[in-house]
Amino acid sequence: MTALLEVRGVTRHFGGLPAVDGIDLEVAADEILAIIGPNGAGKSTLLQLINGLLAPTSAQRITLDGTELLGAKPHRIRRAGIATVLQTPRMFPSMSVRENAALGARFTGPPTGVQEELSPDEAAMRVLERLGLDDRADAAVDELTLHDKRLLDLARALAGGPRLVLLDEVMAGLNPTEIDRFVAVVRGIRDDLGVAIIWVEHVMRAVTDLADRVIVLEAGRILAEGDAVEVLRDRRVIEAYLGQQGDGHAAG
Amino acid sequence: MTAPVPSADGATPSAATCRHTTLRAYLPVAIAAAVLAAVPLALGGSGYLMSLATTALVFAAYAIGMNVIFGSSGQLFLCLGALAGVAGFTSVLLADDQGWPLALSVTTGVVLATAIGALFSWVAVRRNLGVIFVGIVTLAFSLVFTNLVQGLRTLTGGETGRVVDAGGAALRGPISSYYLFLGVVVGFLALYRWLEGSRTGWAWRALKDDPVAAELAGVDVARARILAGTIGAAMVGLIGALFAHHEAFISPTSYAFAHVDVRVLIVIAFGGIGSLLGPVVGAVMLGVIDEVLRPLGQLRLAVYGALLLALFLGFRRGVVPAVADVVTTWRRARTPSDAPAAGRGTRASKH
Ligand SMILES: Nc1ncnc2c1ncn2[C@@H]1O[C@H](COP(=O)(O)OP(=O)(O)O)[C@@H](O)[C@H]1O
Ligand SMILES: [Mg+2]
């Protein structure tokens, strides 16, 4: 496997305590890597170390296709090809749905899989069509449901033609129908566009459906790694993760 | 807060309609230019009224600069007067004492003011200063500037100021100077409109909504902020330098915080932060208020302070946008079908 993203020895402390503790990981060009783990395991912190919102306390390297990204600001990392959808949808409330999506294309390349020259608005419409938001292109963002806000955040990410998308618990708070729709969308992004995905998720049904590989984080370290079904059978994982959840969430 | 109004067909605009809307975006600028160009005719050649009108243009131009700095990227520069004064004094000293050509003196003054504005923005971005701290730092600069001018008596004429020789007939004549400053205002308005539609304009809009989301969408937030401070300072510097040569007299009073910054804030509060024509409307209102309050003499400043308080407490978004919203709502209630036309109005006056 040639890695698209390579993360080596990344550590981040908060108040002297490690939230992410010497993590190594790799993602291939068309892979869906799921990261699971109990609350406070360091999943969101890890994503923000990759997208540049947080600076590591120490790190050997973070490279995308061989390009060093350590120390780069988030907008540089975005332009290099890593887009992020955070846990809480981040919208631009003064802009319409279309303008929100188009903003993702204004400062970066064309959407993945599109060869022609497109205006930001045209790029936005392509992506909104793919995600089924085109009928609300001129709506205000505060008219959208949580599910559609997450889709719009994803649309903004895709409009800029990323090679890797980081998703932080994008299924949280969605109902089962919405989860199914979102799973289909995420699968489509990888299958049709060849975009790699690192996907932090609590909804285990979605993880077993989608992930090529799973990493289990606990207290900032990798506890287990491998095929979804096998990892979820691992004793240590059940103890660390499921034991704490204890609500059948993982059985899904 | 203002929801964009759905377009009739919802289709992606073609290249032709894009160009059409681009031209239409400049229509308010053209209309404002035409109306303001007719003002001297209406005033019937009264020198006194012409000088009031020119002052209104000067403050409209300052306010457009403030709209770029504060309206676009939320940097509260409380040193517009000082930036204008840096350019003004630099230009006067070079032209009158060193014998430099006027254009070169003005340019040098503008470059210096621009550099200082850029420096403040850069420091604010690097140190991650919030709105209040940017306000405090720039206010401190205003104080330093005033004291420096008063202290360098031999160069600047101190508190009393000095007569300015350089400045041709175009800058001094009541009608010609009006049109000169009108040209500057129209140029600034066109620049502002152009910036709004540019990548930089979208960066400003995005970072005002949410700087973190903007960074994640690929916006270089630091660069966009510094650009706002730089462009705005250049605008303010240009007006400050031209003003000194126009008045044929320069003193710290013309650039004092109370004289420039407080009044620009009133203009902005009237016209609405970040609205295209707000500065022009606000400056006209300020001119009227100035005249009404003239009998009060020094007490005028106290009234300005109170006015500023009332405006910012009562009309955070500006008086004109608030009135425009009421009118729009009223019109929409009467004729539901004219929504797209009303949409443009709210769009231009948002933020
Ligand atoms: N900005 C922050 N300041 C201080 N502590 C933080 C911050 N962000 C995260 N942490 C701590 O780091 C640990 C990992 O948090 P996080 O990455 O959000 O976990 P997860 O996403 O796996 O639930 C937690 O103990 C959390 O309290
Ligand atoms: Mg988290």
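All values derive from a computational prediction rather than experimental measurement.

## With respect to the overall build of chain A
Step number 1: Scanning chain A from terminus to terminus reveals nine helices and ten strands.
Step number 2: The dimensions of chain A, computed from C-alpha atoms along their principal axes, are 50 × 40 × 35 Å.
Step number 3: Expressed as a percentage of its 252 residues, the buried residues of chain A come to 56%.
Step number 4: Look at the contacts in chain A between residues 6 or more apart in sequence, and 68% of them connect residues 24 or more apart.
Step number 5: If you sum the accessible surface of chain A, you get close to 10,000 Å²; carbon and sulfur atoms cover 46% of it.
Step number 6: The average position of the 27 basic charges and that of the 37 acidic charges among the side chains of chain A differ by 4 Å.

## Some remarks on the site of ligand 1
Residue and element names in this part refer to chain A.
Step number 1: Taken together, Phe 14, Ala 19, Pro 38, Asn 39, Gly 40, Ala 41, Gly 42, Lys 43, Ser 44 and Thr 45 form the complete shell of residues around ligand 1.
Step number 2: Ala 41 is positioned such that a nitrogen or oxygen atom in its backbone is 3.2 Å from an oxygen atom of ligand 1.
Step number 3: Here an oxygen atom of ligand 1 sits 2.5 Å away from a polar atom, N or O, in the side chain of Thr 45.
Step number 4: Relative to its unbound accessible surface of 560 Å², ligand 1 loses 54% to contact with the protein.
Step number 5: Grouping the amino acids of the shell around ligand 1 by side-chain chemistry returns four nonpolar, five polar and one charged.

## Some points on the packing of aromatic side chains
Step number 1: Taken as a whole and judged by the stated rule, the model has six aromatic pairs over all chains.
Step number 2: Following the ring pairs from residue to residue traces out a cluster consisting of Phe 77, Phe 120 and Phe 141 of chain B.
Step number 3: One residue, Arg 106 of chain A, lies across the ring of Trp 202 of chain B, its end atom 4.0 Å from the ring centre.
Step number 4: The cationic tip of Arg 263 of chain B hangs over the ring face of Phe 59 of chain B; the distance from NZ or CZ to the ring centre is 4.5 Å.

## Concerning the sheet that holds strand β1 (residues 3-14) of chain A
Residue and element names in this part refer to chain A.
Step number 1: Here we have four strands laid out as an open sheet, ordered β2-β1-β4-β5, and antiparallel in their pairing. Strand pairing shows two members of the sheet lacking a second neighbour, β2 (17-28) and β5 (67-68), which therefore form its edges.
Step number 2: The pairing of strand β4 (residues 61-64) with β5 spans two bridges and is antiparallel. By the bridge assignment, Thr 63 is partnered in β5 with Glu 68.

## What about the pattern of salt bridges?
Step number 1: Applying the stated criterion to the full structure yields 22 salt bridges over all chains.
Step number 2: For Arg 205 of chain B, the salt bridge goes to Glu 99 of chain A, with nearest N and O atoms at 3.5 Å. On the criterion of chain membership, the pair formed by Arg 205 of chain B in helix α10 (residues 199-209) and Glu 99 of chain A in helix α3 (residues 97-106) is interchain, its members lying in two chains.
Step number 3: With a relative accessible area of 9%, Arg 205 of chain B lands in the buried category.
Step number 4: Exposure remark for Glu 99 of chain A: the relative accessible area of 12% places this residue in the buried category.
Step number 5: For Asp 180 of chain A, the salt bridge identified is with Arg 205 of chain A, shortest N-O distance 2.8 Å.

## Brief notes about helix α14 (residues 278-293) of chain B
All names here are of chain B.
Step number 1: With 16 residues, α14 extends 22 Å between its outermost C-alpha atoms, agreeing within 8% with the 22 Å of an ideal straight helix rising 1.5 Å per residue.
Step number 2: Among the residues of α14, Gly 278, Pro 279, Val 280, Gly 282, Ala 283, Leu 286, Ile 289, Asp 290 and Leu 293 are the ones counted as buried.
Step number 3: Contacts from the buried residues of α14 go to α2 (27-43), α3 (47-73), α9 (174-197), α13 (261-271) and α15 (300-314).

## Notes on the environment of Ala 258 of chain B
All names here are of chain B.
Step number 1: Tracing the chain through its elements places Ala 258 in the loop between β2 (249-250) and α13.
Step number 2: Between the alpha carbons of Ala 258 and Gly 305 there is a distance of 9.1 Å; along the sequence they are 47 residues apart.
Step number 3: For Ala 258, the contacting residues outside a window of four places in its chain are Arg 263 and Leu 301.

## Observations concerning unusual backbone geometry
Step number 1: Even without glycine at this site, Asp 65 of chain A takes up a positive phi of about 55 degrees.
Step number 2: In this fold, Asp 65 of chain A is placed in the loop between β4 and β5.
Step number 3: Residues other than glycine seldom take positive phi values, yet Asn 128 of chain B does so here, at roughly 55 degrees.
Step number 4: The residue Asn 128 of chain B is located in the loop between α5 (102-126) and α6 (131-151) in this model.
Step number 5: For Asn 128 of chain B, a relative accessible area of 64% corresponds to the exposed category.

## Some points on the confidence of the model for chain A
Step number 1: In this model, chain A carries an average pLDDT of 90, and 92% of its residues clear a pLDDT of 70 or more.
Step number 2: For the stretch residues 246-252 of chain A, pLDDT sits under 50, and the model shows five contacts to residues farther than four places along the chain or on other chains.

## Here we look at the nonpolar core
Step number 1: Counting residues in hydrophobic clusters, the biggest one holds 96 residues, and the most contacted among them are Leu 103 of chain A together with Tyr 62, Tyr 255 and Val 264 of chain B.
Step number 2: Membership of the second largest hydrophobic core comes to 58 residues, among which are Met 91, Ala 139, Leu 167 and Ile 189 of chain A.

## Comments concerning the confidence of the model for chain B
Residue and element names in this part refer to chain B.
Step number 1: Summing up the model confidence of chain B, the mean pLDDT is 87 and the portion of residues at 70 or higher is 89%.
Step number 2: Segment residues 1-14 is flagged for pLDDT under 50; beyond a separation of four residues in sequence, or across chains, it makes 22 contacts in the model.
Step number 3: Across residues 338-351 the pLDDT falls below 50, and counting only partners more than four positions away or on other chains, this stretch makes 30 contacts in the model.
Step number 4: Overall fold confidence for the complex sits at a pTM of 0.87, while the interface term, ipTM, reaches 0.90.

## Brief notes about the interface of chain A and chain B
Step number 1: In this complex, chain A contributes 28 residues to the contact, which on the side of chain B involves 28 residues.
Step number 2: Carbon and sulfur atoms make up 58% of the area that chain A and chain B hide from each other, which totals about 2,600 Å².
Step number 3: Here chain A is connected to chain B by two salt bridges.
Step number 4: Taken together, the links from chain A to chain B amount to seven residue pairs in polar contact (both at pLDDT 80 or more).
Step number 5: Per-element tally for the side of chain A that touches chain B: the top contributor is α3 of chain A, with five residues.
Step number 6: Considering only residue class, the side of chain A that touches chain B consists of eleven nonpolar, six polar and eleven charged.

Scoring rules and cut-offs
- Residues numbered from 1 in each chain as written.
- Chains lettered and ligands numbered in written order.
- Predicted model: local features only at pLDDT ≥ 70, side-chain atom pairs only at ≥ 80, totals over all residues.
- Heavy atoms only, no water.
- Helix = DSSP H or I, 4+ residues; strand = E, 2+ residues; numbered from the N terminus.
- Buried < 20%, exposed > 50% of the residue type's maximum accessible area, 1.4 Å probe, protein only.
- Contact = heavy atoms within 4.5 Å.
- Areas by Shrake-Rupley, 256 points an atom, 1.4 Å probe, with all protein chains shown as cover.
- Lys, Arg positive; Asp, Glu negative; His and termini not counted.
- Charge placed at Lys NZ, Arg CZ, Asp CG, Glu CD.
- Near = heavy atom within 4 Å.
- Polar contact = N/O pair within 3.5 Å; in protein donor to acceptor, adjacent residues only side chain to side chain.
- Nonpolar A, V, L, I, M, F, W, Y, C, P; charged D, E, K, R; others polar.
- Phe/Tyr/Trp six-rings, centres within 6.5 Å; stacked < 30°, edge-to-face > 60°.
- Lys NZ or Arg CZ within 6 Å of the ring centre and 35° of its normal.
- Pairing = 2+ DSSP bridges.
- Salt bridge = Lys/Arg side-chain N within 4 Å of Asp/Glu carboxyl O.
- Expected span 1.5 Å × (residues − 1).
- pLDDT = per-residue confidence, 0-100.
- Core = buried A, V, L, I, M, F, W, Y, C linked by side-chain atoms within 4.5 Å.
- Buried area = accessible area lost by both parts, 1.4 Å probe.

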